[in-house]
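This is what each chain is made of:
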Amino acid sequence: MKKSSAQHPVPVLFLFTSLPVGGAENLLLSVIKLVDKRYVTPVVCCISNKGQIGEEIEKLEVPVIVLNKLKKGGFDYKIITILKSLIHEHNIKLVHTNLYHANLYGRIAAYMCNIPTVASVYNTYGSKPSWHKRFVNRILSPLCKSIIVVSKEIRDDITKWDGVPFEKVKIFPSAVDFSMSESDLSIKEAKAKLGIDNSVFVVGTIGRLEEQKGHIYLISAINLLLKKGKNIELILVGDGRLRGQLEQQAHDLEIFNKVHFLGTRRDLKDLYRAMNVFVMSSLWDGLSLVLLSAMAAKVPILATDVGNAAELIGDDEFGVLVNSADASALSSSLVDFIDNPSSYKGMINKSNIMVRARYGEETFVYSLIDLFSSILNIPLRDKGEK
């Protein structure tokens with residue numbers, strides 16, 4: 001690669017709709033922590049609100065620009081105008097957009113400023129692809145240099161539905177911050193922290209309380225197990241639009257005292273330690289970052305066969321797969337976890353080794369920075385880094 005005459009550090013804009021606790025947002029946090037500031041000046045912008053991850057980024061002495069837009073529905077051209085001004089003010093050389101609204105407005109603004117864009121997509125479309133999102137993405141994909149996805153399934157989705165050329169899509173598997181999976185607590189202490197007795201079998205899941213995550217089926221599965229007399233409780237970590245509906249479901253099933261709605265939490269390592277099994281009950285997904293984190297925390301895995309789960313878990317090598325939208329299947333598999341815990345010890349050890357070998361933060365961050373380097377034709381990290 002020939003070196004450009006451009007001077008370091010190079011200002012790069014990382015654009016998100018907002019920065020709540022989530023997989024894509026955690027990846028940004030990893031980038032901010034690991035990127036070499038001698039080569040790259042990260043500029044972070046939220047179109048809507050800052051969120052908890054935004055606050056954590058600010059603690060790393062990287063400013064987060066908040067536009068406070070998207071309060072109303074419909075397309076807002078003012079966002080593009082503001083982004084153009086921001087690009088000029090900070091002399092941005094490349095824009096990295098993440099998730100739908102940021103991908104929408106960021107690609108247009110960068111194109112109008114004649115600077116390159118890299119877009120990131122973290123989820124498959126699911127069973128009912130949105131026609132307007134497909135239309136928008138089909139129109140805008142030619143405006144960016146590359147599109148990053150975290151699994152082959154997402155790549156196949158956007159090449160099929162959005163008409164994106166295969167060679168434009170880059171697969172960068174999600175990265176795990178292993179410190180988020182390493183608790184100093186014992187299992188008993190971690191359960192006690194949640195007010196749960198050590199004798200209780202704890203099923204846990206982490207994710208937004210949205211339709212995509214399939215929580216209604218997981219709560220139904222817990223109800224089936226309680227009817228069978230199992231000493232079991234569920235911890236739901238995360239928040240979202242379906243929280244009220246899910247709480248009502250637990251009330252209606254008369255199991256609300258067995259379902260713990262913990263909201264957004266950052267003490268995930270202690271929550272993993274409290275779990276006897278981690279369940280991903282998604283109806284559709286990309287590559288679940290919390291699934292990888294649970295493996296790194298040595299928690300047995302039960303996951304629905306969506307997105308990249310089958311490729312990640314293999315033939316029951318690193319976890320157990322069941323069909324999605326099936327409370328009975330979840331319940332039946334959980335019975336085996338409850339009754340035969342020792343049979344999963346080998347699986348736990350293998351999955352932990354696999355995740356730590358393949359999904360470290362450095363792999364994702366260096367792949368991303370190298371992509372930026374190739375687009376800008378500027379070296380953006382030391383050659384000695386792996």
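Everything here concerns the structure above.
Residues numbered from 1 in each chain as written. Predicted model: local features only at pLDDT ≥ 70, side-chain atom pairs only at ≥ 80, totals over all residues. Heavy atoms only, no water.

Participant: Whenever I open this one, the packing of aromatic side chains confuses me. Can you help?
Facilitator: Two descriptors summarise a pair of aromatic rings, namely the distance from one centre to the other and the angle between the planes of the rings. Scanning the entire structure with this criterion turns up six aromatic pairs. Ring centres 6.5 Å apart and planes at 90 degrees place the aromatic pair F172 and F364 in the edge-to-face group. Residue F172 is located in the loop between β7 (169-171) and α7 (187-193), and its partner F364 is located in helix α15 (residues 361-376); the two are separated by 192 residues in the primary sequence. Between F337 and Y344, the aromatic rings sit 4.1 Å apart at their centres with planes inclined by 15 degrees, giving stacked as the arrangement. Note on accessibility: F337 and Y344 belong to one class, buried. (Phe/Tyr/Trp six-rings, centres within 6.5 Å; stacked < 30°, edge-to-face > 60°. Helix = DSSP H or I, 4+ residues; strand = E, 2+ residues; numbered from the N terminus. Buried < 20%, exposed > 50% of the residue type's maximum accessible area, 1.4 Å probe, protein only.)

Participant: Which parts of the structure should I look at to understand the nonpolar core?
Facilitator: Buried together is how nonpolar side chains tend to be arranged in soluble globular proteins. Core analysis: the largest hydrophobic core is formed by 81 residues, its most contacted members being I57 and F278. Beyond its immediate stretch of four places on either side in the chain, F278 contacts G204, T205, I206, Y272, V290, L291, A294, V299, P300, I301 and L302. A221, L225, I232 and V279 belong to the second largest nonpolar core, which has 29 residues in total. (Core = buried A, V, L, I, M, F, W, Y, C linked by side-chain atoms within 4.5 Å. Contact = heavy atoms within 4.5 Å.)

Participant: Looking at this structure, I do not really get helix α2 (residues 51-59). What am I missing?
Facilitator: Residues separated by three or four positions in an α-helix point in the same direction, a consequence of the helix having 3.6 residues per turn. Among all positions of α2, only I53, G54 and I57 are buried. Angularly, the buried residues of α2 cover 105 degrees about the axis, an arc narrow enough to put them on a single face. In this structure, the buried side of α2 is in contact with α1 (23-34), β2 (40-46) and β3 (64-66). Immediately beyond the C-terminal end of α2, within one or two residues, lies E61, with a positive phi of roughly 65 degrees. (Arc of directions from axis to C-beta.)

Participant: I keep staring at the sheet that holds β7 and nothing clicks. Help me out?
Facilitator: In sheet architecture, strand pairing relies on hydrogen bonds along the backbone and comes in two forms, parallel and antiparallel. Pairing is parallel across the open sheet formed by seven strands, whose spatial order is β3-β2-β1-β4-β5-β6-β7. Each edge of the sheet is formed by a strand with only one pairing partner; in this case those strands are β3 and β7. Each neighbouring strand pair of the sheet contributes to a mean axis angle of 25 degrees, computed without reference to strand direction. With three bridges joining them, strand β6 (residues 146-149) and β7 adopt parallel strand pairing. Residue pairing across strands places I148 opposite K170, the latter belonging to β7. Along the sheet face, α1 touches β1 (10-16) and β2 and points at about 165 degrees away from the line of β1. (Pairing = 2+ DSSP bridges. Axes fitted to C-alpha atoms, helices over the stretch in contact; angles between N-to-C directions.)

Such coordinate-based values are descriptive only and should not be taken to indicate function.
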